[in-house]
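Chain residues, written in single-letter form:
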Amino acid sequence: MTNPPPVNPFKRSRLPDRVFGWAALAAALLTLGLLIGILVSLVIGAWPAISKYGLGFLTSSVWDPVQNEYGGLVMIYGTLATSFIALLIAVPVSFGIALFLTELSPAWLKRPLGTAIELLAAVPSIVYGMWGLLVFGPILATYVQQPLQSLFSEVPYLGALVSGPPVGIGILSAGIILAIMIIPFIASVMRDVFEVTPVLLKESAYGLGATTWEVVYKVVLPYTKAGVMGGIMLGLGRALGETMAVTFVIGNFNQLDSLSLFQAANSITSALANEFAEAADGLHQASLIYLGLVLFFITFVVLSLSKLLLSQLQKNEGAKT
Amino acid sequence: MSAVLHDARLAKFNQRKRVNRLALLLSLAAMAFGLFWLFWILWETVRLGIGGISVATFTQMTPAPNEEGGIANAIYGSFLMVMLSTFIGTPIGIMAGIYLAEYNTKGWLASLTRFVNDILLSAPSIVIGLFVYAVVVSRFHSFSGWAGVMALALIVIPVVIRTTENMLQLVPPGLREAAYALGAPKWKVITRITLRAARSGVVTGVLLAVARIAGETAPLLFTALNNQFWTSNLGQPMASLPVTIFKFAMSPYENWQQLAWAGVFIITVAVLGLNILARVLTRKKD
C-alpha cells in the first residue's frame, strides 16, 4: 500500500506573479493607447473644420474669427520657416561642438563641457521665451536687424527678406532662439554617434597620415551618416513642437503679407497657445485643433524618421561599409 | 624633377594643414558659441530675477497690475500639480519599463511600445494639452487642477519608462539568475532584487522627469488655466508658475514683469538644481 505524496507546505499560488505580469502589460499598453487616444481625440475635435475645409485648409491664409473663416497656411508657414532657420544655424554649430567634444578637447574637459551643453537643454522653454523677448530681441533689433536693413534694403531679393519692422520679434528672432534650444539635442546625438565609430578605423586613417579634419570628414562622417541625419531629424522634431519660446517672440500676427524675416508671424504652437483658451466652441476651436492635428502628424513623421535612421546606425555597427 | 615634386607635395601638405587648422578653430568657435548663450541666459536670469525675490514674493498672492504682491499661489499650485503628477505617472512608467526590460524584451509588442514611447517623449507638449482638454475639460465643462495634473502625468510617463528600462537593462543577469535559482517568484525577483539594484538610476529618471514638468507651460495653458487667488481645490482652475509667468511677461506692467522674472529665476534654479542633483547621483553610482 503506497502512501499518498506528502503535502508540500511551500506550495505557493501563481496569482501574484500573474497579476504583476498583467499590471506590467497594462502599463505598456497604456502607452500605445495614449498615442491612439491622442490621434482619435484630435480627429474628433477637428472634425467640423475637416469636414468643412478638407485639405484646402492647408493652403488658405485667411484667419478671421469674426467672419468664421479659417485657413492654416500662415501658421504652417511660420512653423516651417522658423524650424528651417533654426536647423540652418543649429546643424553646423552642433557639428562643431560634437567635433570639439570627441576629437579636440582634453579628457578632463570633456565631462564638464558635455554637462554644460546638456544644461542648455534642461533650461525650460519659458525662460528662453522671456529672455528672448526682453533681452535678446532689443539687442537683435539694434545690432543686427537695423544694420541689415540699411545695408540690404536696395538689393532685389535680399531686400524683401529684410524689409519689415526691425523691432526684434518675428520669424528671424524665433528661428535664432529655436536654434539655441535644439543645439544641445543635435550635438549630444552627434557626439554619441561619433564616439561609436570604431577606433580602429580612425587609427588606420591617422596611421596613413590623415589630419584630424580629414579623419572626421572622410571616415567618421560617412560611417555615422545615418546617425547624424537621425540627430538632425530629432532636432527638427523638437523645433517644430516648441511652444513657449516661439510664442513670446513671433509676434502673433495672423497674416502673410510678405516674405520678410523681420515680419511678425504666427506658428501652429503659438496660435494654439494664444487663442485656444478663449476660442469659442465651434469652428474656431475645431480649426485650432485641426492645426494641432497637422502639427502632430508632421512631428510624428519626422520623429519616426529619426528613430529609423538612428536604429539603422545601430544595426550597421561592426558591419562592412 | 624631384625638387618640383617635393615642392608640390609640400604645398599640398601645407594646404591640408591649413584646412585642418581652420576646421578645428571653427569647432572651438562653435563650442564657445554654445557656451556663450548658456552663460548669457543664466546671467540675465539671475541679474533680472534676483531683484524681484523677497519675502513678499513667496507669501503674497498674484496682484492686480501696479499693486504689491507676490506669486505664492502660483508656486503652491505648481508644487501641488508637479507632486501629484509625479506620484501618478511614476508607478505607471516604472511598471511599463519593467514590462519592456523583464517580460518581453524582444517581442513585437515591446518594439512597438519602445517606438511609440520615444515619439511621445519628443512630441509637442501642447498636443498633450489638447488631448487632455478634449478628454477632461470639455467633458466636465471646466478647467481644473486635475486636468493639469493629468497632462503633466502624461509627460512624466514616457520619461520614466525610458530611464527605467535603460537602468533595469544594466543590472547584471547573474543577479537575477541567482535569485531565480533560490526559488524566488518572478515578481519578487523584479521588485526585491532587480529594481533595488537599479534604484538610484530609477530615482535619477524620476528627478529628470520632475525637472522637465516643472518648467512645462504649454500643457497647462488650457487644462489648469490660471487663477488669481489661492486655492487648494484641484477641481478649480489653478495657478501655476509657468502660466503666471506667461501672462505677466507679455503684459506692459512693470510690477508684473518684475514678478515674472522672479518666477523665471525660481524655476531655473529648481530645474537646474534637479538636473545637477540627478547627474551627481548617477556619478556616485559609478
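Everything discussed here concerns the structure shown above.
Residues numbered from 1 in each chain as written. Chains lettered and ligands numbered in written order. Predicted model: local features only at pLDDT ≥ 70, side-chain atom pairs only at ≥ 80, totals over all residues. Heavy atoms only, no water.

For chain B, the count of helices and strands is 12 helices and 0 strands. For 286 residues, the compact-globule estimate of 2.2 N^0.38 gives 19 Å, and the C-alpha radius of gyration of chain B, at 25 Å, exceeds that figure by more than 25%. Over its C-alpha atoms, taken along the principal directions, chain B stretches across nearly 90 × 65 × 35 Å. Within chain B, the proportion of its 286 residues that are buried is 53%. In chain B, the proportion of contacts linking residues at least 24 apart, taken out of those at least 6 apart, comes to 74%. As presented, chain B carries roughly 13,200 Å² of accessible surface, and 67% of it is formed by carbon and sulfur atoms. (Helix = DSSP H or I, 4+ residues; strand = E, 2+ residues; numbered from the N terminus. Rg over C-alpha atoms; globule rule 2.2 N^0.38 Å. Buried < 20%, exposed > 50% of the residue type's maximum accessible area, 1.4 Å probe, protein only. Contact = heavy atoms within 4.5 Å. Areas by Shrake-Rupley, 256 points an atom, 1.4 Å probe, with all protein chains shown as cover.)

The next point concerns the layout of surface pockets. All names here are of chain B. By volume, the second largest pocket amounts to about 340 Å³. Sorting elements by how many residues they give to the lining of the second largest pocket places helix H11 (residues 241-249) first, with 3 residues. Split into classes, the residues belonging to the lining of the second largest pocket amount to 7 nonpolar, 4 polar and 2 charged. (1 Å grid on protein atoms, 1.4 Å probe; cavity = no way out; pocket = protein on both sides within 12 Å on 5 of 7 lines; lining within 4 Å. Points joined across faces, edges and corners; volume = space filled by probe spheres on them. Nonpolar A, V, L, I, M, F, W, Y, C, P; charged D, E, K, R; others polar.)

A surface patch of positive charge is lined by Lys 188, Arg 192, Arg 196 and Arg 199 of chain B. Within the secondary structure layout, Arg 199 of chain B lies in helix H9 (residues 199-214). (Patch = residues over 30% accessible without salt bridge, like charges linked within 9 Å, V, L, I, M, F, W, Y side chains within 5 Å. Salt bridge = Lys/Arg side-chain N within 4 Å of Asp/Glu carboxyl O. Lys, Arg positive; Asp, Glu negative; His and termini not counted. Charge placed at Lys NZ, Arg CZ, Asp CG, Glu CD.)

A few words now on the packing of aromatic side chains. According to the stated counting rule, one finds 23 aromatic pairs over all chains in the structure shown. The interplanar angle of 25 degrees and the centroid separation of 5.6 Å between the aromatic rings of Phe 36 of chain B and Trp 40 of chain B together place this pair among those described as stacked. Of this pair, Phe 36 of chain B and Trp 40 of chain B both sit in helix H1 (residues 2-50), separated by 4 residues, roughly a single helical turn. Under the relative-accessibility criterion, Phe 36 of chain B is labelled partly exposed at 44%. Through a chain of ring-to-ring contacts, the aromatic side chains of Trp 131 and Phe 136 of chain A together with Phe 33, Phe 36, Trp 37 and Trp 40 of chain B assemble into a single cluster. (Phe/Tyr/Trp six-rings, centres within 6.5 Å; stacked < 30°, edge-to-face > 60°.)

This part is about unusual backbone geometry. Backbone geometry follows two general trends: most residues other than glycine have a negative phi, and most peptide bonds adopt the trans configuration. Residue and element names in this part refer to chain A. Unusually for a residue other than glycine, Asn 68 sits at a positive phi of about 60 degrees. The phi dihedral of Asn 252 is positive, around 50 degrees, even though this residue is not glycine. Looking at where Asn 252 falls in the secondary structure, it is placed in the loop between helix H10 (244-250) and helix H11 (268-275).

All chains considered together, the criterion is met by 3 cavities of 30 Å³ or more. If you add up the space inside the largest cavity, you get close to 70 Å³. In terms of lining, the largest cavity is formed by Leu 34 of chain A together with Leu 120, Leu 121, Ala 123, Ser 125, Ile 128, Leu 154, Ile 155, Pro 158 and Arg 212 of chain B. With 3 residues, helix H6 (residues 145-170) of chain B is the single largest residue contributor to the lining of the largest cavity. Each residue belonging to the lining of the largest cavity can be placed in one class, and the counts come to 8 nonpolar, 1 polar and 1 charged.

A few words now on the interface of chain A and chain B. Listed per partner, the contact involves 79 residues of chain A and 81 residues of chain B. In total, about 7,200 Å² of surface goes out of reach between chain A and chain B, with carbon and sulfur atoms giving 81% of it. The three residues of chain A that bury the most area against chain B are Phe 20, Met 130 and Trp 131 of chain A, which together make up 9% of that side's buried surface. The salt bridge partner of Lys 307 of chain A is Asp 118 of chain B, with a shortest N-O separation of 2.6 Å. Inspection of the region where chain A meets chain B yields 9 residue pairs in polar contact (both at pLDDT 80 or more). With 19 residues, the single largest contributor to the side of chain A that touches chain B is helix H1 (residues 15-53) of chain A. Grouping the amino acids of the side of chain A that touches chain B by side-chain chemistry returns 54 nonpolar, 18 polar and 7 charged. (Buried area = accessible area lost by both parts, 1.4 Å probe. Polar contact = N/O pair within 3.5 Å; in protein donor to acceptor, adjacent residues only side chain to side chain.)

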